[in-house]
Protein chains: 2
Amino acid sequence: MDKRSVAEAKRRLASRGHRLTKQRQAILEVLRSSDVHPDADWVYREVRKVLPHVSLGTVYRSLEVLRDAGLIASLEVGPRRRYDGNTSEHQHILCISCGRVADIHLPPSLLEELEQRAASEADFTITGHRVEFYGLCPQCLQKSKAESTE
Amino acid sequence: MDKRSVAEAKRRLASRGHRLTKQRQAILEVLRSSDVHPDADWVYREVRKVLPHVSLGTVYRSLEVLRDAGLIASLEVGPRRRYDGNTSEHQHILCISCGRVADIHLPPSLLEELEQRAASEADFTITGHRVEFYGLCPQCLQKSKAESTE
DNA sequence: GTAGGTGCAAAAACTTTGCATTTAC
DNA sequence: GTAAATGCAAAGTTTTTGCACCTAC
């Protein structure tokens with residue numbers, strides 16, 4: 001993680017009364033250098049390669065703090081909570097066969113229309129949305145095709 | 001639950017090698033007569049009013065079987081899995097303050113456009129989507145307004 | 001009659017928490 | 001220096017499972 005990123009992370013955490021510890025920095029680095037959208041346990045196992053004594057409790061606590069500070073994002077595709085080092089607005093698609101998650105970028109105008117429609121339907125004040133897709137990734141599609149022609 | 005519904009449930013379950021037990025029928029009735037989008041434990045407590053000896057394990061197993069048979073739907077807004085007796089295509093909005101879930105109906109054309117956009121972005125074969133919103137329900141909006149003017 | 005389902009209780013899976021000690025600022 | 005954070009372990013919450021007995025078909 002470069003100097004600028006460290007400073008920015010420190011700033012964002014400090015604004016909420018938190019600190020950038022080496023554990024949190026390691027978690028950030030692990031998440032930002034991967035695109036697997038992992039769960040807490042995966043992060044824990046990766047961080048332990050760098051900080052062997054980190055605890056699972058710290059990973060859970062740090063993921064929450066980092067997410068509240070807007071430094072990472074969380075998603076709930078599937079049964080357990082997963083995390084994403086990429087906080088820019090984007091959507092996900094989950095492979096129903098292998099569990100892999102890929103990124104998708106929908107046009108902001110379409111998302112805006114979505115929220116407007118929802119707002120006019122419900123009496124709610126909308127603060128956010130979640131748009132996810134399910135399907136078969138190219139590899140699993142191949143596999144299922146191969147199996148059906150056996 | 002009327003005769004027709006029972007027959008339909010029986011048919012759907014039978015097609016997958018399952019049976020319509022009195023426990024499953026009670027679970028279906030509880031879900032269909034409510035719009036709270038409850039979790040397994042709520043269903044358990046409701047069903048126990050009718051069948052006092054039902055077990056939580058049976059509720060979990062039945063909810064899965066009923067969902068796989070298409071007789072109910074599940075949603076993952078929030079930390080635990082919730083269920084919906086209404087299986088017709090619709091979306092949900094979750095109140096971030098009180099946890100209440102309300103139904104929304106987006107135009108099919110908009111959802112279609114969404115899937116088409118996603119399909120053209122990812123290499124996946126899309127089989128489904130999940131569109132959810134977050135916000136404040138009218139009651140909680142009132143409350144937060146009242147608090148901020150205190 | 002029999003495959004599928006149930007109740008019960010134990011276990012698994014995931015996440016949170018209390019506390020003495022350490023550390024970032 | 002001190003408030004925040006950590007490691008460790010224990011506990012909490014939600015969900016799944018093994019098994020002997022039951023029941024829908």
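What you see is a predicted model, and the numbers here were worked out from it, not measured in a lab. (Residues numbered from 1 in each chain as written. Chains lettered and ligands numbered in written order. Predicted model: local features only at pLDDT ≥ 70, side-chain atom pairs only at ≥ 80, totals over all residues. Heavy atoms only, no water.)

1. Comments concerning the layout of surface pockets
Empty space among the atoms can be located by rolling a probe the size of a water molecule over them.
Working step 1: Its volume calculated, the largest pocket comes out at about 740 Å³.
Working step 2: Every residue lining the largest pocket is counted, 24 residues in all, and those nearest its centre are Ala73, Ser74, Leu75, His129 and Arg130 of chain B.
Working step 3: Elements that contribute at least two residues to the lining of the largest pocket include exactly strand E1 (73–75), strand E3 (91–95) and strand E5 (125–136) of chain B.
Working step 4: Among the residues making up the lining of the largest pocket, the classes are represented as seven nonpolar, ten polar and seven charged.
Working step 5: Put simply, the second largest pocket is a space of about 590 Å³.
Working step 6: Lining the second largest pocket are 21 residues; nearest its centre among them are Ala73, Ser74, Leu75, His129 and Arg130 of chain A.
Working step 7: Within the lining of the second largest pocket, the residues separate by chemical class into five nonpolar, ten polar and six charged.
Working step 8: Both domains that meet at the lining of the second largest pocket, namely domain 1 (1–87) and domain 2 (89–150) of chain A, each give it at least three residues. (1 Å grid on protein atoms, 1.4 Å probe; cavity = no way out; pocket = protein on both sides within 12 Å on 5 of 7 lines; lining within 4 Å. Points joined across faces, edges and corners; volume = space filled by probe spheres on them. Helix = DSSP H or I, 4+ residues; strand = E, 2+ residues; numbered from the N terminus. Nonpolar A, V, L, I, M, F, W, Y, C, P; charged D, E, K, R; others polar. Domains from an automatic or database assignment.)

2. A word on the sheet that holds strand E4 (residues 101–104) of chain B
Working step 1: One open sheet holds the six strands; their spatial order is E4(A)-E3(A)-E5(A)-E5(B)-E3(B)-E4(B), and the pairing between them is mixed. Lying at the two open borders of the sheet, with one neighbouring strand each, are strand E4 (101–104) of chain A together with E4 of chain B. Across the sheet, the mean angle separating the axes of adjacent strands is 30 degrees when strand polarity is ignored.
Working step 2: In this structure, E3 of chain B lies alongside E4 of chain B, joined through four bridges in antiparallel fashion. Residue pairing across strands places Leu94 of chain B opposite Val101 of chain B, the latter belonging to E4 of chain B.
Working step 3: Strands in contact with helix H6 (residues 138–148) of chain B are strand E5 (125–136) of chain A together with E3 and E5 of chain B; relative to E5 of chain B, the strand with the most contacts, it is inclined by about 40 degrees. (Pairing = 2+ DSSP bridges. Axes fitted to C-alpha atoms, helices over the stretch in contact; angles between N-to-C directions. Contact = heavy atoms within 4.5 Å.)

3. What to know about the protein's contact with DNA strand C
Working step 1: Neighbouring residues of DNA strand C: 21 residues in total, closest Tyr60 and Arg80 of chain A together with Thr21, Arg24 and Thr58 of chain B.
Working step 2: Sugar and phosphate atoms constitute 73% of the interface atoms of DNA strand C, taking the interface as everything within 4 Å of the protein.
Working step 3: Here a phosphate oxygen of DNA strand C sits 2.5 Å away from a polar atom, N or O, in the side chain of Tyr60 of chain A.
Working step 4: Within the side chain of His18 of chain B, one N or O atom sits 2.8 Å away from a phosphate oxygen of DNA strand C.
Working step 5: Elements with a contribution of two residues or more to the surface near DNA strand C: helix H4 (56–68) of chain A together with helix H2 (22–32) and helix H4 (56–68) of chain B.
Working step 6: Per-element tally for the surface near DNA strand C: the top contributor is H4 of chain A, with four residues.
Working step 7: Tallied by class, residues from the surface near DNA strand C come to four nonpolar, nine polar and eight charged. (Near = heavy atom within 4 Å. Polar contact = N/O pair within 3.5 Å; in protein donor to acceptor, adjacent residues only side chain to side chain.)

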